[in-house]
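Here is what each chain is made of, one letter per residue.
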Amino acid sequence: MSEQTAPRRIAMWSGPRNISTALLRSWESRPDTFVCDEPLYAHYLQHTGLPHPDRDEVIATHETDWSKVVEWLTGEVPQGKQIFYQKHMAHHLLPHIEREWLDQLTHAFLVRDPEDMLTSLIQFTPHPTLSDTGLPQQWELFDRVAQRTGETPPVIDAQDVLEDPPQVLRKLCNALEVPFLDSMLEWEPGPRRTDGVWGKHWYASLYDSTGFRPFRVKDDKVPGRLEELLDEARTIYIRLRRYSLRAR
């Protein structure tokens, strides 16, 4: 791999209740990388009016104008770093947000088995929709990138990462054309300045972690009332999973 010269802005698109924040920690452990945490969340809350925990604080603390967020995401990489790693929730990319700026980023996708994701999501969102899973938005973005570049953007599955972090992260870095660093495998516990103010509600287990925790099979089952949603989510997940780096 040749030495990287131009700054790289990596947009990692995930759905909720994934290992996205652990992956954020992983990239933040690199000395060459600046990270940001769900930069479109405040705009998403302001526009949708959803009653998420500390909604008013999120809106008051973070930028709500999506165009200003985009200007920052596509501008100079903060702190003079070589890599700008952006943790995005795919469902935060609302339909009215323009898409042209996305072409200035390098995209990757993080997916998780919908049954595992939904059994966790319903603890926070009791009546989720397909849009709440982020999967349709992930597929829209995946298809956009593939059509524009003629190449398959990298997809990683949360289970694969947890089963073998070094192998999957090495493959991800290779696909993104950045060197893999062993520092990505561990981090100091506790909160970060780069965490959104919502971290105190969502990141409790992560604050106790120092690395990726081993994958564990969940015993929880999706309730019957969500069987149709599970089927719809699984259809898109399988479509994306087919392109995962572990599956190739």
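Look above for the structure.
Calculation rules
- Note that residues are indexed from 1 along each chain, following the sequence as it is written.
- Per-residue local features of the predicted model are confined to residues with pLDDT of at least 70, and side-chain atom pairs are confined, for both listing and counting, to 80 or more; whole-chain, interface and lining totals are unaffected and use all residues.
- Excluded from the side-chain calculations are hydrogens and water; all other atoms, namely the structure's heavy atoms, are used.
- Each patch is built from residues lacking any salt bridge and having more than 30% relative accessible area; the joining distance is 9 Å for like charges and 5 Å for nonpolar side chains (Val, Leu, Ile, Met, Phe, Trp, Tyr).
- Surface accessibility in these figures is a Shrake-Rupley result with a 1.4 Å probe; residues are shielded only by whichever protein chains are displayed.
- By definition here, a salt bridge exists when the distance from a side-chain nitrogen of Lys or Arg to a carboxyl oxygen of Asp or Glu is within 4 Å.
- Under this rule, positive means Lys or Arg and negative means Asp or Glu; His and the chain ends count for nothing.
- Where a charge lies is defined by one atom per residue type: Lys uses NZ, Arg uses CZ, Asp uses CG and Glu uses CD.
- Strands are runs of DSSP state E lasting at least two residues, helices are runs of H or I lasting at least four, and both sets are numbered from the N terminus onward.
- Residue types Ala, Val, Leu, Ile, Met, Phe, Trp, Tyr and Cys, when buried and joined through side-chain atoms within 4.5 Å, form a set referred to as a nonpolar core.
- Type-normalised accessible area, obtained with a 1.4 Å probe on protein chains alone, sets the label of each residue: buried when under 20%, exposed when over 50%, and partly exposed for intermediate values.
- A pair of strands is labelled paired if DSSP reports no fewer than 2 bridges between them.
- What counts as an axis is a line fitted to C-alpha atoms, over the stretch in contact for a helix, and the angles between N-to-C directions run from 0 to 180 degrees.
- Note on terminology: angles under 35 degrees are roughly parallel, angles over 145 are roughly antiparallel, angles of 65 to 115 are roughly perpendicular, and the others are oblique.
- Each crossing gets its hand from how the near helix is turned against the far one by less than a right angle, where anticlockwise is left-handed and clockwise is right-handed.
- Here, residues are in contact when the closest pair of their heavy atoms is within 4.5 Å.
- Ten residue types, Ala, Val, Leu, Ile, Met, Phe, Trp, Tyr, Cys and Pro, are classed as nonpolar, four, Asp, Glu, Lys and Arg, as charged, and the remainder, Gly among them, as polar.
- We define a polar contact as two N or O atoms separated by no more than 3.5 Å, with the added condition that, inside protein, one atom must be a possible hydrogen donor and the other a possible acceptor, whereas residues neighbouring each other in sequence contribute only through side-chain atom pairs.
- Aromatic pairs are defined between Phe, Tyr and Trp rings, using the six-membered ring for Trp, whenever the two ring centres lie within 6.5 Å; interplanar angles under 30 degrees are classed as stacked, those over 60 as edge-to-face, and all others as tilted.

**Student:** Where do I start with a negative patch on the surface in this structure?
**Tutor:** Residues Glu227, Glu228, Asp231 and Glu232 make up a contiguous surface patch of negative charge. Note on placement: Glu227 falls in helix α11 (residues 227–241).

**Student:** When you look at the nonpolar core in this model, what are you seeing that I'm missing?
**Tutor:** One recurring pattern in soluble globular proteins: nonpolar side chains tend to sit buried together. Judged by nonpolar contacts, the single largest core of 65 residues is most densely connected at Leu23, Trp27, Ile156, Leu172 and Phe212. Here this core gets 5 residues from one element, more than from any other, and that element is helix α8 (residues 165–176).

**Student:** Sorry, what's going on with the pairing of strand β2 (residues 33–37) here?
**Tutor:** Side-chain direction in a regular strand flips from residue to residue, so the side chains alternate between the two faces of the sheet. Burial analysis of β2 places 5 of its 5 residues in the buried class, the great majority of the element. A two-sided burial pattern is seen for β2, the buried positions comprising Thr33, Val35 and Asp37 on one face and Phe34 and Cys36 on the other. One ladder, built from 5 bridges, connects β2 with strand β3 (residues 83–89); its direction is parallel. Directly across from Asp37, in β3, lies its bridge partner Lys87.

**Student:** I'm lost on the packing of helix α5 (residues 114–121) against α11 in this one. Help?
**Tutor:** Between α5 and α11, the least distance of the axes is 9 Å, while the angle of their chain directions is 135 degrees. Here α5 lies oblique to α11, going by the angle between them. The crossing of α5 and α11 is right-handed. Together, Pro114, Glu115 and Leu118 of α5 and Leu229, Leu230, Ala233, Arg234 and Tyr237 of α11 make up the contact between the two elements. Classifying every residue of the contact of α5 with α11 gives 6 nonpolar, no polar and 2 charged.

**Student:** Help me out: how do you make sense of the sheet that holds β2 in this one?
**Tutor:** Strand-to-strand pairing in sheets goes through backbone hydrogen bonds, with the strands running parallel or antiparallel. Pairing in this open sheet of 5 strands is parallel, and the strands run β2-β3-β1-β4-β5 from one edge to the other. The sheet terminates laterally at β2 and β5 (155–157), the two strands that pair on one side only. Averaged over all adjacent pairs, the angle separating strand axes in this sheet is 20 degrees, with direction ignored. Here strand β4 (residues 106–111) runs beside β5; their pairing, made up of 3 bridges, is parallel. Across the sheet, residue Val111 finds its bridge partner in β5, namely Asp157. Of the strands in this sheet, β1 (8–14), β4 and β5 touch helix α6 (residues 135–149), which is tilted by about 145 degrees from β4.

**Student:** Hey, could you run me through the side chain of His91 in this one?
**Tutor:** With respect to the helices and strands, His91 occurs in the loop between β3 and β4. Beyond its immediate sequence surroundings of up to four residues, His91 is in contact with Pro16, Tyr44, Ser131, Asp132, Gly134 and Gln137.

**Student:** Can you walk me through the side chain of Ser120 in this structure?
**Tutor:** Mapped onto the secondary structure, Ser120 falls in helix α5. Engagement of the side chain of Ser120 in a polar contact is seen with the side chain of Arg17, the distance being 3.0 Å. Those residues in contact with Ser120, other than ones at most four positions away along the chain, are Arg17, Arg112 and Lys218.

**Student:** Help me understand unusual backbone geometry, please; the structure alone is not making it clear to me.
**Tutor:** For residues besides glycine, phi is generally negative; the peptide bonds are generally trans as well. Positive phi is not limited to glycine here, since Glu38 has a value of about 50 degrees. By the secondary structure assignment, Glu38 is in the loop between β2 and α2 (41–48). Look at Glu38 and you get buried, because its relative accessible area is 9%. Not every positive phi belongs to a glycine, and Asp54 is a case in point at roughly 55 degrees. Tracing the backbone through its elements, the reader meets Asp54 in the loop between α2 and α3 (55–61).

**Student:** Would you take a moment to explain the environment of Arg99 for this structure?
**Tutor:** Among the structural elements, Arg99 can be located in the loop between β3 and β4. Taking relative accessible area as the criterion, Arg99 reaches 13% and is therefore assigned buried. Taking the C-alpha atoms as reference points, Arg99 and Arg192, separated by 93 residues in sequence, lie 30 Å from one another. If we skip the residues at most four places from it in the chain, Arg99 touches Leu93, Leu94, Glu140 and Arg144.

**Student:** Looking at this structure, how should I read the packing of aromatic side chains?
**Tutor:** To describe a pair of aromatic rings, you give the distance between the ring centres and the angle between the ring planes. Tallying each qualifying case throughout the model produces 12 aromatic pairs. Seen from their ring centres, Phe34 and Phe84 are 5.5 Å apart, and the 65 degrees between their planes marks the pair as edge-to-face. In this pair, Phe34 sits in strand β2 while Phe84 sits in strand β3, placing the two residues 50 residues apart along the sequence. The same class applies to Phe34 as to Phe84, namely buried. On the basis of an interplanar angle of 20 degrees and a centroid distance of 5.3 Å, the ring pair of Trp139 and Phe142 is categorised as stacked.

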